Amino acid sequence: MTTITVFKGDGIGPEITDAVIKVLNAANAKLEYEVFNVGAKVYEETGEYIPEKAFESYEKNKILLKSPITTPVGKGFRSLNVTLRNKYDLWANIRPAKSNPCIPTKFDNVDIVTFRENTEDLYVGKEEQIDENTVYAYKIITKKASTRIIRAAFEYCIKNNRKKLTCVHKANILKMSDGLFLHIFEDIAKEYPQIESNSLIVDNTCMQLVMHPEQFDVMVMPNLYGDIVSDLTSGLIGGLGLLPSCNKGDDYAMYEAVHGSAPDIAGKHIANPSALLLSACMMLEDLHQESVATKIRNALNKTFEERKVLTFDLGGSASTDAFTDEIIKNL
Ligand code: NAI
Ligand code: MG
């Protein structure tokens, strides 16, 4: 048995968390859960967004299954997601987008893993009011953070038999910051001659992705481009309801859907829990419960394939609960 910490989050968070725990239990995952409500509702009740007990649980268990947390736009609120990634130095954000033959999309050959640097770039959130009409935002790129994410991406290629790694950047304009990231990439690439490596400017990357996604294999990039490009890759495989991720550091791991709290559909019980469920499968694989993960992936695929019970984003009209029960039936 492994004890994990679970954060229920905002918006659709509680709905998809309940669904995922139901499937994990039905699949006999060897897991025990310490579940915490976090986010806006908890703040209204207690004055804290993430209760101290929730942090303590994570610090003990080191593994967090996390639902999305809302980040209001505007002044005076730092994203709790960014806070968690920094507090626990979760420096690698890994987002695998793979076409599923059971989900019809424009492309059937997408298999792209994005390695997003997760601790710096513009996401340090350091902004400065210069005068009434001017704000500066700091983009931080360091050798340390760039080296570890780029090396992790190359090592991932080796371990998983992936052939090509693309560095995404804007070093033509940001010659010093993205230039540093790119130079480190080119240096490290020399140590991995067996992996084909190339680099591509981020705007061109976006165009190439929507025209010819099959040319991409594994990609590595600074934080902001990773955020944007990975939402794009989710669109290639059928939408945000399907894209899982893990955030990893040296000591901690956090598994979450790529999507946010989806306030537009929250409380309607129609959210697709697949992205969080697939994130849980990534967690099970890391915990050496591969057979449980495979069982869940197969049941999910069968549910997609049958096309009887699907959530709205996949062209169906089923509730989150009905979709979840169908997955459990297919286990
Ligand atoms: P979003 O990812 O929550 O939603 C974008 C669109 O995708 C919406 O139309 C939504 O209904 C749909 N969608 C997302 N997940 C879905 C699912 N599981 N099933 C069906 N449809 C789904 O992005 P948005 O609306 O820009 O952000 C909402 C809030 O979430 C913001 O406060 C943002 O800061 C936060 N956020 C949190 C993240 C996290 O906790 N890691 C990641 C991204 C955003
Ligand atoms: Mg995002």
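Quantities reported herein were computed from a predicted structural model and do not represent experimental measurements.

Draft legend 1. Spatial organisation of the environment of Ala299. Structurally, Ala299 can be placed in helix 10 (residues 290–306). Note: C-alpha distance between Ala299 and Lys329 (30 residues apart in sequence) is 8.0 Å. Residues within four places of Ala299 in sequence aside, it is in contact with Ile327, Asn330 and Leu331.

Draft legend 2. Structural context of the packing of helix 9 (residues 274–286) against helix 10. Viewed as axis vectors pointing N to C, helix 9 and helix 10 meet at an angle of 155°, and their least axial separation amounts to 8 Å. On the basis of their axis angle, the class for helix 9 and helix 10 is roughly antiparallel. For the pair helix 9 and helix 10, the crossing hand works out as left-handed. From helix 9, Ser274, Leu277, Cys281, Leu284 and Glu285 reach across to helix 10, where they touch Glu290, Val292, Ala293, Ile296, Arg297 and Leu300. Residues that form the contact of helix 9 with helix 10 fall into these classes: seven nonpolar, one polar and three charged.

Draft legend 3. Structural detail: the pairing of strand 10 (residues 218–221). Of the two faces of strand 10, the one carrying Val218 and Val220 and the one carrying Met219 and Met221 are both buried. Note that strand 5 (residues 111–117) and strand 10 share four bridges and pair parallel. Pairing of Phe115 across the sheet is with Val220, part of strand 10. Relative to strand 10, strand 8 (residues 164–169) runs parallel, the two being bridged by three bridges. When the bridges of strand 10 are listed, Leu165 appears paired with Val218.

Draft legend 4. Region of the structure containing helix 10. A rise of 1.5 Å per residue sets the reference length of helix 10, with its 17 residues, at 24 Å; its end C-alpha atoms lie 24 Å apart and thus fit the reference within 8%. All of the buried residues in helix 10 are Val292, Ala293, Lys295, Ile296, Ala299, Leu300, Thr303 and Phe304. Buried residues along helix 10 sit in contact with helix 1 (13–26), helix 9 and helix 11 (320–329). Just downstream of helix 10, Arg307 is the residue with a positive phi angle, here 55°.

Draft legend 5. Expanded view of the packing of helix 7 (residues 202–211) against helix 8 (residues 223–237). Between helix 7 and helix 8, the least distance of the axes is 11 Å, while the angle of their chain directions is 5°. Classed by the angle they form, the pair helix 7 and helix 8 counts as roughly parallel. Between helix 7 and helix 8, the residues in contact are Val202, Thr205, Cys206 and Leu209 and Tyr225, Val229, Leu232, Thr233 and Leu236, respectively. Here the residues of the contact of helix 7 with helix 8 are counted per class, giving seven nonpolar, two polar and no charged.

So, how was this worked out
- Residues numbered from 1 in each chain as written.
- Chains lettered and ligands numbered in written order.
- Predicted model: local features only at pLDDT ≥ 70, side-chain atom pairs only at ≥ 80, totals over all residues.
- Helix = DSSP H or I, 4+ residues; strand = E, 2+ residues; numbered from the N terminus.
- Contact = placed C-beta atoms within 7 Å.
- Axes fitted to C-alpha atoms, helices over the stretch in contact; angles between N-to-C directions.
- Parallel < 35°, antiparallel > 145°, perpendicular 65-115°, else oblique.
- Left-handed = near helix turned anticlockwise from the far one by under 90°.
- Nonpolar A, V, L, I, M, F, W, Y, C, P; charged D, E, K, R; others polar.
- Buried ≥ 20, exposed ≤ 12 C-beta atoms within 10 Å, placed from the backbone.
- Pairing = 2+ DSSP bridges.
- Expected span 1.5 Å × (residues − 1).

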